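Here is how the chains run, residue by residue.
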Amino acid sequence: MTLSRRAFIQRLSFGSAGLTIGLQLQASSFAPADATEFTPDVFVTLEASGTVRIRCHRSEMGQGIRSTIPRLIADEMEADWNKVVVEQALGDAKYGDQNTDGSRSIRKNYDRLKRAGATVRTLLQQAAADTWQVAPDQVRIHNHAAHHADGKKTLGFGALVAKAANLPVPAADQLTLKPEKDYRYVMKKEWELLDGLDIVTGKAEYGYDVAVKDMKIALIARPPVVFGKVKSFDASETLKVPGVLEVVEMPALSPPAAFKMLGGIAVVAEHTWAAIQGREKLKIEWEDGPNAKYDTVAHQAEFEKALEDPKHVVRQHGNWQEAESQAESRLDAAYKVAGLAHATMEPLAATARLTDDGVEVWACTQTPQAAQANVMQTLEIPQEKANSVKVHVTLLGGGFGRKSKPDYVAEAAFLAHKTKRTIKVLWTREDEIQHGYYHSPSYQKLAATFQKGKLSGWYHAMVNHPIGATFNPAARVGGSADLGQGDAPYDVPHMRIVNGETDTFMRIGWLRSVTNINNAFAASSFADECAAHLKKDPLAFLLELIGPDRHIDLQAEGYGYGNYGETTERFPIDTARLKQVLNTVAKQAEWTRKRPKGHGLGIAVHRSFCSYVGAVIEVSMADNKLKIEDIHLAIDCGLAINPDRVHSQLEGAAMFAISNALYGQITAEKGRVVQSNFHDFPLARINQFPSIRTTIVSSDGPPGGVGEPGVPPVAPALCNAIFAASGKRYRDLPLSQFGIV
Amino acid sequence: MIALTVNGKKHEIQAEPEMPLLWALRDLLGMTGTKYGCGKGLCGSCTVLMDNEPIRACSMPLAAVADKNITTIEGLSTDGGHPVQQAWLQFSVPQCGYCQAGQIMSAVALLRKNPKPDDEAIDAAMSGNLCRCGTYTRIRKAIHHAAEQGGAK
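The rules behind the values
Residues numbered from 1 in each chain as written. Chains lettered and ligands numbered in written order. Predicted model: local features only at pLDDT ≥ 70, side-chain atom pairs only at ≥ 80, totals over all residues. Heavy atoms only, no water. Core = buried A, V, L, I, M, F, W, Y, C linked by side-chain atoms within 4.5 Å. Buried < 20%, exposed > 50% of the residue type's maximum accessible area, 1.4 Å probe, protein only. Helix = DSSP H or I, 4+ residues; strand = E, 2+ residues; numbered from the N terminus. Contact = heavy atoms within 4.5 Å. Pairing = 2+ DSSP bridges. Polar contact = N/O pair within 3.5 Å; in protein donor to acceptor, adjacent residues only side chain to side chain. Buried area = accessible area lost by both parts, 1.4 Å probe. Salt bridge = Lys/Arg side-chain N within 4 Å of Asp/Glu carboxyl O. Nonpolar A, V, L, I, M, F, W, Y, C, P; charged D, E, K, R; others polar. Axes fitted to C-alpha atoms, helices over the stretch in contact; angles between N-to-C directions. Phe/Tyr/Trp six-rings, centres within 6.5 Å; stacked < 30°, edge-to-face > 60°. Lys NZ or Arg CZ within 6 Å of the ring centre and 35° of its normal. Domains from an automatic or database assignment.

Engineer: Explanation requested: the nonpolar core in the structure shown.
Structural biologist: One broad trend across soluble globular proteins is that nonpolar side chains are buried collectively. Membership of the largest hydrophobic core comes to 232 residues, with the highest contact counts inside it found for A:Leu415, A:Trp458, A:Leu718, A:Leu735, B:Leu21 and B:Trp88. Considering each element in turn, this core owes the most residues, 11 residues, to helix α14 (residues 643–663) of chain A. Not counting the four nearest positions on each side in its chain, B:Trp88 is found in contact with A:Val200, B:Val93, B:Pro94, B:Gln100, B:Gln103, B:Ile104, B:Ala107, B:Ile139, B:Ala142 and B:Ile143. With 47 residues, the next largest nonpolar core counts A:Phe38, A:Ala79, A:Trp81 and A:Leu113 among its residues.

Engineer: Got a minute to help me understand the pairing of strand β4 (residues 53–56) of chain B in this structure?
Structural biologist: In the case of a regular strand, side chains alternate between the two sheet surfaces. Sheet topology note: the strand β3 (residues 47–50) of chain B/β4(B) ladder contains four bridges and is antiparallel. Its bridge partner being in β4(B), B:Leu49 is matched across the sheet by B:Pro54.

Engineer: Just to check I follow, could you spell out the side chain of A:Asn109 for this structure?
Structural biologist: All names here are of chain A. In this fold, Asn109 is placed in the loop between β6 (84–88) and α2 (110–132). Accessibility expressed as a relative area gives 4% for Asn109, which makes it buried. Here Ser105 takes part through its backbone oxygen, which lies 2.8 Å from a polar atom of the side chain of Asn109. For Asn109, the side chain forms a polar contact with the side chain of Arg112, separated by 2.8 Å. Aside from chain neighbours lying at most four places away, what touches Asn109 is His57, Arg58 and Arg104.

Engineer: I would appreciate a short explanation of the environment of A:Gly600 in the present structure.
Structural biologist: All names here are of chain A. Within the fold, Gly600 resides in strand β24 (residues 599–608). Along the sequence, Gly600 and Gly64 sit 536 residues apart, while their C-alpha atoms lie 34 Å from each other. Apart from the residues lying within four places of it in its own chain, the contact partners of Gly600 are Ile617, Glu618, Val619, Ala721, Ala724 and Ala725.

Engineer: Looking at this structure, how should I read the interface of chain B and chain A?
Structural biologist: For interface size, the figure often reported is the accessible area lost on association. Chain B puts 51 residues into the contact, and the matching count from chain A is 59 residues. Together, the buried faces of chain B and chain A total about 4,400 Å²; carbon and sulfur atoms form 59% of this surface. Counting the contacts that link chain B with chain A gives five salt bridges. Residue A:Glu430 pairs with B:Lys40 through a salt bridge whose shortest N-O separation is 2.5 Å. Linking chain B to chain A there are 27 residue pairs in polar contact (both at pLDDT 80 or more). Contributing elements (two or more residues each) for the side of chain B that touches chain A: α1 (21–28), α3 (83–90), α4 (100–113), α5 (119–126) and α6 (136–148) of chain B. Broken down by element, the residue count for the side of chain B that touches chain A peaks at five residues, all from α6(B). Taken together, the residues that form the side of chain B that touches chain A break down as 23 nonpolar, 16 polar and 12 charged.

Engineer: Looking at this model, I keep getting lost on the sheet that holds strand β23 (residues 494–499) of chain A. Mind explaining?
Structural biologist: One key point about sheets: their strands pair by backbone hydrogen bonds, in either a parallel or an antiparallel sense. Residue and element names in this part refer to chain A. On the basis of which strands lie adjacent, the open sheet formed by six strands has the order β15-β23-β22-β21-β16-β30 and mixed pairing. Two strands bound the open sheet, and with one partner strand each, they are β15 (312–317) and β30 (732–733). One ladder, built from six bridges, connects strand β22 (residues 454–464) with β23; its direction is parallel. Bridged to Met462 within β23 is Asn499. Helix-sheet contacts for helix α6 (residues 296–306) involve β16 (329–337), β21 (442–451) and β22, and the interaxial angle to β21 is about 35 degrees.

Engineer: Help me understand the packing of aromatic side chains, please; the structure alone is not making it clear to me.
Structural biologist: Given two aromatic rings, their pairing is described by the distance between the two centres and the angle made by the two planes. Residues and elements named next belong to chain A. A full pass over the atoms with the stated rule returns 18 aromatic pairs over all chains. When the ring of Phe259 is compared with that of Tyr437, the centres are 6.4 Å apart and the planes differ by 70 degrees; the resulting orientation is edge-to-face. Taken as a pair, Phe259 in the loop between β12 (244–250) and β13 (264–269) and Tyr437 in the loop between α10 (429–434) and β21 lie far apart in primary sequence, 178 residues in all. Of the residues examined, Phe259 reaches a relative accessible area of 17% and is grouped as buried. The buried category is assigned to Tyr437, whose relative accessible area is 0%. Among the aromatic residues, ring-to-ring pairing joins Phe259, Tyr437, Phe471 and Trp510 into one connected group. In this arrangement the basic side chain of Arg507 is found over the ring face of Tyr437, its NZ or CZ atom lying 3.9 Å from the centre. It is Arg729 that lies over the ring of Phe723; its NZ or CZ is 4.4 Å from the centre.

Engineer: Is there a simple way to explain the sheet that holds strand β29 (residues 691–696) of chain A in this structure?
Structural biologist: Residue and element names in this part refer to chain A. Pairing within the open sheet is mixed, and its four strands lie in the order β24-β25-β26-β29. The outermost strands of the open sheet, each flanked by one partner alone, are β24 and β29. Neighbour-to-neighbour, the strand axes of the sheet open up by a mean angle of 15 degrees, direction not taken into account. The pairing of β24 with strand β25 (residues 611–622) spans 10 bridges and is antiparallel. Within β25, the position partnered with Val605 by the bridge is Gly614.

Engineer: Mind showing me how you'd approach the domain arrangement of chain B here?
Structural biologist: Residues and elements named next belong to chain B. Along its sequence, chain B is carved into domain 1 (2–75) and domain 2 (83–148). Here domain 1 and domain 2 have C-alpha centroids that lie 21 Å from each other. Contact residues are listed per partner, giving 16 residues for domain 1 and 15 residues for domain 2. Across the interface of domain 1 and domain 2, roughly 1,300 Å² is buried in total on both sides, 56% from carbon and sulfur atoms.

Structure, rendered in structure tokens:
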């Protein structure tokens, strides 16, 4: 039996957290004649009072999605924003994908969200037409009311609920979507932040802040080496700490790591301070296992061996060997980027409570459905009982990819189940830095050949620990060439892009812009080196390197490019757009203006997540110390739905990239992460961060990604600027190891 | 029993004198506006005022604050009406917002001492507060604006 959406009538009520609970299938395809609300789409409920409840199914971590999605729907349905209540959706497959990463909340949902709004608007128009017994085209829906063509009669949205609730929901192809020129909220500059007032008054609730009746706090001493185990432990001193309730041994982790719990010993206490003290007093003997042999510095030799003759060809055209043999000159350079931790300001936190038929979870998660699945797997709850695991999404104090790995949610569920208590698992900063899913350290070798004063060949080889190894220990080569390596948008006759193999010893995961970080650093630094080799202006050289306006067809070269899950018809690699952001940012930074002695400008451009970002950074070097003077960024992200949050994401991306370039370095010795807190994993501070100017290039392309694309071009622009200022080329990040920060 | 005065209200709490103020506020008094970020006084997320001085609640034992007046983000205003909060809203400073209570408390302490700070004074006073999202440039603008609006109150 096929059920239309119409047949699903959602019964909404409010739990203690003000969130939607419960879903009921109504057998009848018609609502009662006196319906007081209707839900023609999973995203929208219109009440007879006129209040519109809009569900945001993506997680808010600073990108403003709780402002963006509801406003987009409200605009499309012609709701008055002042009558909209935003609800955070539970984890539920009915919303489709909820994994808030990959810079795709709007990119992947724009049309669908518009359809949700248009569905409501179309039904209200029909309901008004039926009421007035006129054709629908005699009814205009505007600002929370239906207006009769006679210019006299109007009906508010609320008054149309009962009638609209009994109309058949129109098919997608019967909807007329609002043209961009008619938007009242979308693409407008000034939006107040939905959660702004709660944030500045301390009322906003993050995962760390969840308070549930009778809740206890748990901290876990996790094995310092991944796949390590507890050999023996003594908790006698721990249990003497006032407030400590019990100690629980967690199940040991076996490969693959995936999102499973790391194991260790949990301390359950009345409050956080008791849990902290109790954990310090645990005496644990660990059995480290095979990963204890891993040393990040020593492993560099393996990386270098892996790139001696790497076999995994990602992309090639022309004939690199021929380019080499015919070259009049060539350039070779190797780049290193250190491993990185996410360092979200809010470390991880999850609360779990047993319910009559399952478990209820509150967590700062980017991916409530994966959290739900992880809880089900941990507690062996069968798929048909998915509804018994409810995952509430709190605000996230930063995400950057770490909070899309719900290992911590499984810990809370396991402990709730084991102790029969309501448990909030908190991660300290040390836990967060030392038990991450790290951005892998990487090693890259680039080569360029030149003929007749032009670049004739481009070679880029990369090796890093693949993210895939977290899920399949046999994975030895990253599938990350699509992120800024294989898709090099350069007009070069001969190109060869290859990757090497390596073993993996830690949990590797995605971190804001992923391997674009290292790929763009190497490629855009090397492009700058090529410009210097040819004694050309870096901007002029980049424009020449990108070449004529065209859509680069990687499929035609036999490279199965992923394009961030999009078709190249909708999101081509468009060199004209690349050059436009480059020219825009150069103009904004007054690229040709002469700077004082000791100052230098660096430039880079990069396409990622289907958006284009150009960066110019000005630095000065005095007494071998770096000072960042100015940062300019320009983005073409297609339609900018929430322009202020596009600007703020660029500001944030620049700072994220600069923190990483200056300081970001995770290393392991004997399989253990060396760094532990902000003293040895520092972030840039306000006094290191100058003015920043961001420009959104006007574009009518479909919305591309925004959260991540600002990151990749920043580090190379910074190092290119240092080169321009000092003549010194840094090919190894972070810069703090060279004493210039 | 330890006597605490938070936002003008007296509390008697049952806790060890070594317990950091942060956990007493969050776990014993249910005031979660003050955030944990590092536990070592490195990030400023837990900044509160002690007799108008900014302190890191994560590293301040209860014994040291017993006779002092503590102001937290919840005590700045009930409606977001403080000029610093208003400036934060006007410039849409927060991204994830997690560090912002600490940022705001540091800014309030700055303005009470220096009602018209220049960029350098702002950077000096605010450099103990980390933000991973990248709100520093807006924080600087918002503090200047709050200063113009009499944010020193």
